[in-house]
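Each chain is listed here by its residues.
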Amino acid sequence: MTESERQKDIQLEASWLAELEDEFEQEYMQKLKSFLRQEKAAGKQIYPPGNQIFNALNITPLNRLKVVILGQDPYHGPGQAHGLCFSVQPGVDIPPSLINIYKELQSDLDIAPASHGCLSAWAEQGVLLLNAVLTVERSRAASHQGKGWEQFTDKVVHVLNDKCEGLVFLLWGSYAQKKGHFIDRQRHLVLQSPHPSPLSAHRGFLGNRHFSQVNTYLQEHGKVPVNWKLPDI
């Protein structure tokens, strides 16, 4: 199989494919692919759609990356998940965690909350919106945990840590903090706080001023800051 054929088969952007191609040959990934095929054959609805599973990587090439936000699982409601953590497709109700993210954005940078929950504009500016688990069964939260995705996304985070310089990692909640525990704080800025979910946002997410800290760090390192204001859809 040629390189272009492999890229088409895996549906992964070229700079990421160069770093992750070997992962798709590993036993854990073969088992994961088999699991997903079996689930679909059994008539189960899997989110996000197959061509959107790797959206976080495909929209944000490795060489354009500036910021990393780590999430946990895709949303499991119809029409929500599209491969970017915390983000939902246009026309879908804004989830509670994202509402709190918008509240902090307004408090920190005086950016009014968007009327939608689609964060693609952030991803296009170099913000990697990566879930630890990339698929889920409809209406069954966390149903694909422990199937292999965590090992794959651990590899992604290792690539980010080792191959990039001066990234900002936003680790919201204990799950993201555990996943990013090995990140080299000498090479990257790591900002941590409680998760933005309604259960924990008031324990320190609201008021963390992470968005302004991101842009200050980027400017200090000669990078273009993120325009966190989302365009209307």
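Above this note sits the structure.
Just so it is clear, the model here is predicted, and its values are computed rather than measured.

## Some words on the overall build of the chain
For the chain, the count of helices and strands is nine helices and six strands. Whereas a compact globule of 233 residues would reach a radius of gyration of roughly 17 Å, the chain reaches 17 Å, a difference of no more than 12%. By principal-axis analysis of the C-alpha atoms, the chain measures approximately 50 × 35 × 30 Å. Counting over 233 residues, the chain shows a buried share of 52%.

## Overview of the sheet that holds strand β6 (residues 189–193)
Pairing in this open sheet of four strands is parallel, and the strands run β3-β2-β5-β6 from one edge to the other. The outermost strands of the open sheet, each flanked by one partner alone, are β3 (127–131) and β6. Between one strand axis and the next, the sheet turns through 20° on average, direction left out of account. Pairing between strand β5 (residues 168–172) and β6: five bridges, direction parallel. Note that in β6 the partner of Trp172 across the bridge is Ser193.

## Side note on the nonpolar core
With 68 residues, the main nonpolar core has Trp16, Leu128, Trp149, Phe152 and Leu160 as its most contacted residues. Residue contributions to this core peak at six residues, all from helix α7 (residues 149–163). Setting aside anything within four residues of it in sequence, one finds Leu128 in contact with Trp16, Ala56, Leu57, Thr60, Leu65, Val67, Val68, Ile69, Val156 and Leu160.

## Regarding the pattern of salt bridges
Within the structure shown, the criterion is met by seven salt bridges. Notably, a salt bridge pairs Lys31 with Glu27, separated by 3.4 Å at the nearest N-O pair. Of this pair, Lys31 and Glu27 both sit in helix α3 (residues 27–41), four residues apart, which is roughly one turn of that helix. Like Lys31, the residue Glu27 is exposed in the burial classification.

## Digging into the packing of helix α5 (residues 96–109) against helix α9 (residues 210–220)
The interhelical angle for the contact between α5 and α9, taken along N-to-C directions, is 60°, at an axis separation of 8 Å. When the interaxial angle is binned, α5 and α9 end up oblique. For the pair α5 and α9, contact is made by Ile101, Glu104, Leu105, Asp108 and Leu109 and by His210, Phe211 and Ser212, respectively. In terms of residue class, the contact of α5 with α9 is made up of four nonpolar, two polar and two charged.

## Things to note about the side chain of Thr60
Mapped onto the elements of the fold, Thr60 is located in the loop between α4 (55–59) and β2 (67–71). Polar side-chain contacts of Thr60 include one of 2.9 Å to the backbone oxygen of Ala123. Here Thr60 is in contact with Trp16, Leu65, Ala123, Gly126, Val127 and Leu128, once residues within four sequence places are set aside.

## Considering the side chain of His144
Position of His144 relative to the elements: it lies in the loop between β4 (136–137) and α7. A polar atom in the side chain of His144 sits 2.7 Å from the side chain of Thr135.

## Details of α9
Along α9, the residues that are buried comprise His210, Phe211, Ser212, Val214, Asn215, Tyr217 and Leu218. Where the residues of α9 are buried, they touch β2, α5, α6 (120–124), β5 and β6.

## Observations concerning unusual backbone geometry
In the segment running from Tyr47 into Pro48, the intervening peptide bond is cis, with an omega of -10°. Mapping Pro48 onto the fold places it in the loop between β1 (46–47) and α4. Positive phi, normally seen in glycine, also occurs at Asp110, with a value near 60°. Relative to the helices and strands, Asp110 resides in the loop between α5 and α6.

Quick notes on the rules
- Residues numbered from 1 in each chain as written.
- Predicted model: local features only at pLDDT ≥ 70, side-chain atom pairs only at ≥ 80, totals over all residues.
- Heavy atoms only, no water.
- Helix = DSSP H or I, 4+ residues; strand = E, 2+ residues; numbered from the N terminus.
- Rg over C-alpha atoms; globule rule 2.2 N^0.38 Å.
- Buried < 20%, exposed > 50% of the residue type's maximum accessible area, 1.4 Å probe, protein only.
- Pairing = 2+ DSSP bridges.
- Axes fitted to C-alpha atoms, helices over the stretch in contact; angles between N-to-C directions.
- Core = buried A, V, L, I, M, F, W, Y, C linked by side-chain atoms within 4.5 Å.
- Contact = heavy atoms within 4.5 Å.
- Salt bridge = Lys/Arg side-chain N within 4 Å of Asp/Glu carboxyl O.
- Parallel < 35°, antiparallel > 145°, perpendicular 65-115°, else oblique.
- Nonpolar A, V, L, I, M, F, W, Y, C, P; charged D, E, K, R; others polar.
- Polar contact = N/O pair within 3.5 Å; in protein donor to acceptor, adjacent residues only side chain to side chain.

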